[in-house]
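If you want the building blocks of each chain, they are given just below.
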Amino acid sequence: MSLLSVRDLSVEFATRDGAVRAVNAVSFELRPGQVLALLGESGSGKSVTLRSILGLHPPVRTRVGGEVLLKGRDVNRLDEQARQALRGGVVSMVFQEPMTALDPVYTIGRQIEETLVQHRGLDRAAARRRARELLDLVQVPSPERCLASYPHEISGGMRQRAMIAIALACEPELLLADEPTTALDVTVQAQILWLLRDLQRRLGLAVIFVTHDLGVAAEIADDAAVMYGGRIVEQAPVRELFRAPAHPYTEGLMLATVRRGQKGRALVPIPGAPPNLVALPPGCAFAPRCPHVKPPCLETLPPLHVVAPGHGSRCHLVPARFASSPALASSATGRGGLS
Amino acid sequence: MWRYVGRRLVLAIPTLLGASIIVFAMVHLAPGDPIAAVMPVDASKEQVEAVKKAYGFDQPLPVQYLKWLGRVVTGDLGKSIATRRAVILDVRDALANSLVLAASSSLMAFVAGIALGLLAAFRQGRALDKIASGIAVIGVSVPHYWAGIILIIIFSVQLNWLPAMGAASDGGVVDYARHMALPTIALALIPLGVIARVVRSAALDVLAQEFVLALRAKGLAHRRVFTHVVKNAAPQTITVLGLQFGFQLGGSVLVEAVFSWPGTGYLLNLAIFQRDIPVLQGVILVLATFFVLLNLLVDVLQTFIDPRIARH
Ligand SMILES: Nc1ncnc2c1ncn2[C@@H]1O[C@H](COP(=O)(O)OP(=O)(O)O)[C@@H](O)[C@H]1O
Ligand SMILES: [Mg+2]
């Protein structure tokens, strides 16, 4: 059984300028222990997708459609208490900027302990012991000092380790990591990345790892999904995606990214701007920026074409460009994930 | 921490000295001659000189000031020109009455203002927010002496539930409290509105921060998240609470006049109309000292709550 099953998820925010369609008909599955990289430019709906998994959206002016099944239970249909038990207990989140994601007026120790008190009902002494163990787990060099520190008193790397300790406090099965290294110094980025990969393997965690760094995705993930304009436009096992991208946007992302062993190659930015989520076009959202654009791209939404087993792409050109691929015979349409 | 408190206390001394100089200078800046006010019109020149000498008005100003300051720090604020009573006694009684009124109205304003502000913030954009914000706006925009008069008309004149005047010092606690009720409400209105608005905006600032989302993301119950928000909004709130309490002490002149409440404001009023300079000086000096100490207390409290404010 899949740990997480997102089906036809849509999220819309009512704003002064109109309805912002941040996430549109997103579907995917995650097995226990699987690592999925969620790629895409900023504003493509990655963070909103993660928040949907936690059932955390502003209470007003937000419309959520579709299903988010966590261990078979729809997050959006649960009462608040059941959701609170899931959050931190079954699925937790690590944020991009640990400085702003930690409460500045509580010590690190208090912030780890309160999570344990909430979910495990531990007393203060037991919670403190466990908090110390957790800081050991995330390899904080002087745990006692870190426990007594306020967030502004420790380094960015330590803060992110503390954030990870909080996320792992109650042994969740799914970790949502929203660009957990983006805000850190380059040298620290690698350390945190290795720590997360190590923890994922040791604890058998399923992880959704949001990044716009394809290199990071290649290091850590089994599969990758590429988002554009609130949609998953391509999804495949990570190697497959790098070897044979089947969506012009994915190709563009690769050309725009530095990759190991490709030093000296010129970076080509994708021309144009991301789509306006208030007025998404009827066709493919990437069409206005696409070098291969054809008339149908502007008119109808591309269905999900299966390029290879486990590899799908929402591009009208897949049949023409990958005609040799035998898997195309069974091209799927409309909704539905690949797994 | 205690070194910080000590340093702040030392730093308060120049402020207090400045206040004392201004208060001392008042005697010489105030229009009219205080001596003339108490002397019979047909007093002889010798009599006037004798009185001047008795009050020390014949010496150079710096000497007068230092002598005066020396007396003030030992608690001798002189004698009232009008009543001949020691000023310190008048001021003490008035301060006690004002403190009681300031405390009761502040308590009312703090509790209602904080509750209203938090309610509005946690229900932002909804009906409750609009109602709470509306009450806050009315609170800050209605002049409190006018509100006092309206309260007297309704509760004393029309309904005859509560007394309108004085402090009933001879009666028991219940009588005192009954006399206090209306001025308390009148005085609470403005700080209630101010506090509600400050608390609302402080709480909204906190709620917009990412760590609130992070707290929810780790499954914290609402009441625990609420505690986090309150603690983060506290430093800003305490600042305004301290200031408002200070205003309650000094700013109640009109309300005390409306209700004839024998506090510092009432005494100040009386002293102004009677040209009773020693009383005026005493009241202002005591109030100024209170403000300085209150500010100090607020600053110290803030550093206790918010670890990011440096303590040096
Ligand atoms: N509460 C909200 N109200 C209105 N628009 C929002 C809200 N949250 C996110 N958005 C919009 O949704 C889009 C997707 O945001 P996000 O998921 O944060 O992108 P990213 O892929 O960079 O994480 C952005 O255009 C963002 O402005
Ligand atoms: Mg994001």
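Peer 1: Which residues make up the nonpolar core, and what values go with them?
Peer 2: Counting residues in hydrophobic clusters, the biggest one holds 103 residues, and the most contacted among them are A:L4, A:I53, A:I112, A:L174 and A:I208. Among the elements that line this core, the one with the most residues is helix 7 (residues 156–168) of chain A, at 7 residues. Composition of this core by domain shows at least three residues from each of domain 1 (4–227) and domain 2 (230–332) of chain A. Ignoring sequence-local partners within four residues, the contact set of A:L4 consists of A:F28, A:E29, A:L30, A:I53, A:V68, A:L69, A:L70, A:L174 and A:I208. Of all hydrophobic cores here, the second largest spans 51 residues; its members include B:L69, B:A94, B:V212 and B:L215.

Peer 1: I'd love a proper account of the packing of aromatic side chains, names of residues and values included.
Peer 2: All chains considered together, the criterion is met by 7 aromatic pairs over all chains. Judged by centre distance (5.1 Å) and plane angle (85 degrees), the ring pair of A:Y228 and A:F286 falls under edge-to-face. With a gap of 58 residues between them, A:Y228 in strand 9 (residues 223–228) and A:F286 in the loop between helix 11 (248–255) and helix 12 (295–299) connect regions that are remote in the sequence. Exposure class is identical for A:Y228 and A:F286. Each is buried. Arranged with centres 5.5 Å apart and planes meeting at 45 degrees, the rings of B:F24 and B:W68 form a pair that is tilted. Placement of the pair is B:F24 in helix 1 (residues 2–29) and B:W68 in helix 4 (residues 61–73), with a sequence separation of 44 residues. Judged by relative accessible area, which is 10%, B:F24 ranks as buried. Given the relative accessible area of 9%, B:W68 is considered buried.

Peer 1: For the sheet that holds strand 12 (residues 311–313) of chain A, give the residues involved together with the corresponding values.
Peer 2: Residue and element names in this part refer to chain A. Taken together, the 8 strands give an open sheet; going across it, the order is 6-7-8-3-9-10-12-11, and neighbouring strands pair in mixed fashion. Both edges of this open sheet fall to strand 6 (91–94) and strand 11 (305–308), since each of them pairs with a single strand only. Adjacent strand axes in the sheet meet at a mean angle of 20 degrees, parallel and antiparallel pairs treated alike. Relative to strand 9, strand 3 (residues 35–39) runs parallel, the two being bridged by 4 bridges. Opposite L39, over in strand 9, you have V226 as the bridge partner. Of the strands in this sheet, strand 3, strand 6, strand 7 (174–178), strand 8 (206–210) and strand 9 are in contact with helix 1 (residues 46–53), which crosses strand 7 at around 155 degrees.

Peer 1: Lay out the confidence of the model for chain A in plain terms, naming residues and giving numbers.
Peer 2: Should the pLDDT be low somewhere, the predicted coordinates at that spot are not to be read in detail. Looking at chain A, pLDDT values average 90 and 92% of them are 70 or higher. Taken as a whole, residues 327–337 of chain A scores under 50 in pLDDT and shows 27 contacts with residues more than four places along the chain or in a different chain.

Peer 1: Describe in detail unusual backbone geometry, supporting the description with residues and values.
Peer 2: With phi around 50 degrees, B:S260 is a residue other than glycine that occupies positive phi space. Turning to its location among the elements, B:S260 is positioned in the loop between helix 11 (253–259) and helix 12 (264–273).

Peer 1: Which residues make up helix 7 (residues 144–158) of chain B, and what values do they have?
Peer 2: All names here are of chain B. Between its terminal C-alpha atoms helix 7 stretches 20 Å, which fits the 21 Å expected from 15 residues at 1.5 Å a residue. Considering bend angle alone, the principal kink of helix 7 is centred on I152 and spans about 30 degrees. On its buried side, helix 7 packs onto helix 8 (173–207) and helix 11. Downstream of helix 7 by a residue or two, N160 has a phi angle that is positive, lying close to 60 degrees.

Peer 1: Kindly report on the domain arrangement of chain A, identifying the contributing residues and their values.
Peer 2: All names here are of chain A. Domain annotation of chain A identifies domain 1 (4–227) and domain 2 (230–332). Just the C-alpha atoms count here: the centres of domain 1 and domain 2 sit 28 Å apart. Taken together, the contact pairs 29 residues of domain 1 with 23 residues of domain 2. Buried area between domain 1 and domain 2, summed over both chains or domains, comes out near 2,300 Å², and the portion from carbon and sulfur atoms is 59%. The tally of links from domain 1 across to domain 2 stands at 1 salt bridge.

Peer 1: Provide a residue-level description of the site of ligand 1, including the pertinent values.
Peer 2: Residues and elements named next belong to chain A. Neighbouring ligand 1 are 13 residues, the closest being G43, G45, K46, S47 and V48. Here an oxygen atom of ligand 1 and a backbone polar atom of G45 are 3.0 Å apart. Separating an oxygen atom of ligand 1 from a side-chain N or O atom of S47 is a distance of 2.7 Å. With the chains in place, 69% of the 560 Å² that ligand 1 exposes on its own is no longer accessible. For the shell around ligand 1, the elements supplying multiple residues, two or more each, are strand 1 (4–15) and helix 1.

Peer 1: Hey, could you go over the packing of helix 12 of chain B against helix 13 (residues 277–305) of chain B for me, with residue numbers and the actual values?
Peer 2: Residue and element names in this part refer to chain B. Relative orientation of the contacting elements helix 12 and helix 13 amounts to 150 degrees, with a least axis distance of 9 Å. Put simply, helix 12 runs roughly antiparallel to helix 13. Of the two possible hands of crossing, helix 12 and helix 13 adopt the one that is left-handed. The residues of helix 13 that touch helix 12, namely those facing T264, L267, L268, A271 and I272, are V279, L280, V283, I284 and L287.

Peer 1: Which residues make up the pairing of strand 3 of chain A, and what values go with them?
Peer 2: Residues and elements named next belong to chain A. For strand 3, a buried count of 5 out of 5 residues is recorded, marking the element as mostly surrounded by other parts of the structure. Burial along strand 3 is two-sided: the face carrying V35, A37 and L39 and the face carrying L36 and L38 are both buried. In the sheet, strand 3 pairs with strand 8 via 4 bridges, with the strands oriented parallel. Looking at strand 8, one finds that V35 is bridged to V207.

Peer 1: Account for the interface of chain A and chain B, with residues named and values stated.
Peer 2: Tallying the contact residues gives 30 residues for chain A and 22 residues for chain B. Together, the buried faces of chain A and chain B total about 2,300 Å²; carbon and sulfur atoms form 59% of this surface. Our count for the contact surface shared by chain A and chain B stands at 1 salt bridge. One salt bridge connects A:E114 with B:K218, and the closest N-O pair in it is separated by 3.0 Å. At the surface where chain A touches chain B, the tally comes to 11 residue pairs in polar contact (both at pLDDT 80 or more). With 6 residues, helix 4 (residues 108–120) of chain A is the single largest residue contributor to the side of chain A that touches chain B.

Peer 1: Summarise the sheet that holds strand 1 of chain A; cite the residues concerned and give the values.
Peer 2: Residue and element names in this part refer to chain A. Pairing within the open sheet is antiparallel, and its 4 strands lie in the order 2-1-4-5. One side of each edge strand has no neighbouring strand; the edge strands of this open sheet are strand 2 (18–30) and strand 5 (73–74). With 9 bridges joining them, strand 1 and strand 2 adopt antiparallel strand pairing. Its bridge partner being in strand 2, S5 is matched across the sheet by E29.

Peer 1: Which residues make up the packing of helix 5 (residues 87–122) of chain B against helix 8 of chain B, and what values do they have?
Peer 2: Residue and element names in this part refer to chain B. Interhelical geometry of helix 5 versus helix 8 gives an angle of 35 degrees and a closest axis separation of 5 Å. In this structure, helix 5 meets helix 8 at a crossing whose hand is right-handed. Across the contact of helix 5 with helix 8, the residue classes tally to 26 nonpolar, 6 polar and 1 charged.

Peer 1: Which residues make up the pattern of salt bridges, and what values do they have?
Peer 2: Residues and elements named next belong to chain A. Tallying each qualifying case throughout the model produces 22 salt bridges over all chains. Across the pair E173 and K71 runs a salt bridge whose closest N-O atoms are separated by 2.6 Å. In this pair, E173 is assigned in the loop between helix 7 and strand 7 and K71 in the loop between strand 4 (62–70) and strand 5, connecting sequence segments 102 residues apart. By relative accessible area, K71 is classed as partly exposed at 39%. Salt-bridge contacts for R197 lead to E219; the nearest nitrogen and oxygen are separated by 3.9 Å. Placement of the pair is R197 in helix 8 (residues 186–203) and E219 in helix 9 (residues 214–220), with a sequence separation of 22 residues. Overall, the relative accessible area of 26% leaves E219 in the partly exposed class.

Conventions and cut-offs
- Residues numbered from 1 in each chain as written.
- Chains lettered and ligands numbered in written order.
- Predicted model: local features only at pLDDT ≥ 70, side-chain atom pairs only at ≥ 80, totals over all residues.
- Heavy atoms only, no water.
- Core = buried A, V, L, I, M, F, W, Y, C linked by side-chain atoms within 4.5 Å.
- Buried < 20%, exposed > 50% of the residue type's maximum accessible area, 1.4 Å probe, protein only.
- Helix = DSSP H or I, 4+ residues; strand = E, 2+ residues; numbered from the N terminus.
- Domains from an automatic or database assignment.
- Contact = heavy atoms within 4.5 Å.
- Phe/Tyr/Trp six-rings, centres within 6.5 Å; stacked < 30°, edge-to-face > 60°.
- Pairing = 2+ DSSP bridges.
- Axes fitted to C-alpha atoms, helices over the stretch in contact; angles between N-to-C directions.
- pLDDT = per-residue confidence, 0-100.
- Expected span 1.5 Å × (residues − 1).
- Bend = angle between axes of the 7 residues up to and from the residue.
- Buried area = accessible area lost by both parts, 1.4 Å probe.
- Salt bridge = Lys/Arg side-chain N within 4 Å of Asp/Glu carboxyl O.
- Near = heavy atom within 4 Å.
- Polar contact = N/O pair within 3.5 Å; in protein donor to acceptor, adjacent residues only side chain to side chain.
- Areas by Shrake-Rupley, 256 points an atom, 1.4 Å probe, with all protein chains shown as cover.
- Parallel < 35°, antiparallel > 145°, perpendicular 65-115°, else oblique.
- Left-handed = near helix turned anticlockwise from the far one by under 90°.
- Nonpolar A, V, L, I, M, F, W, Y, C, P; charged D, E, K, R; others polar.

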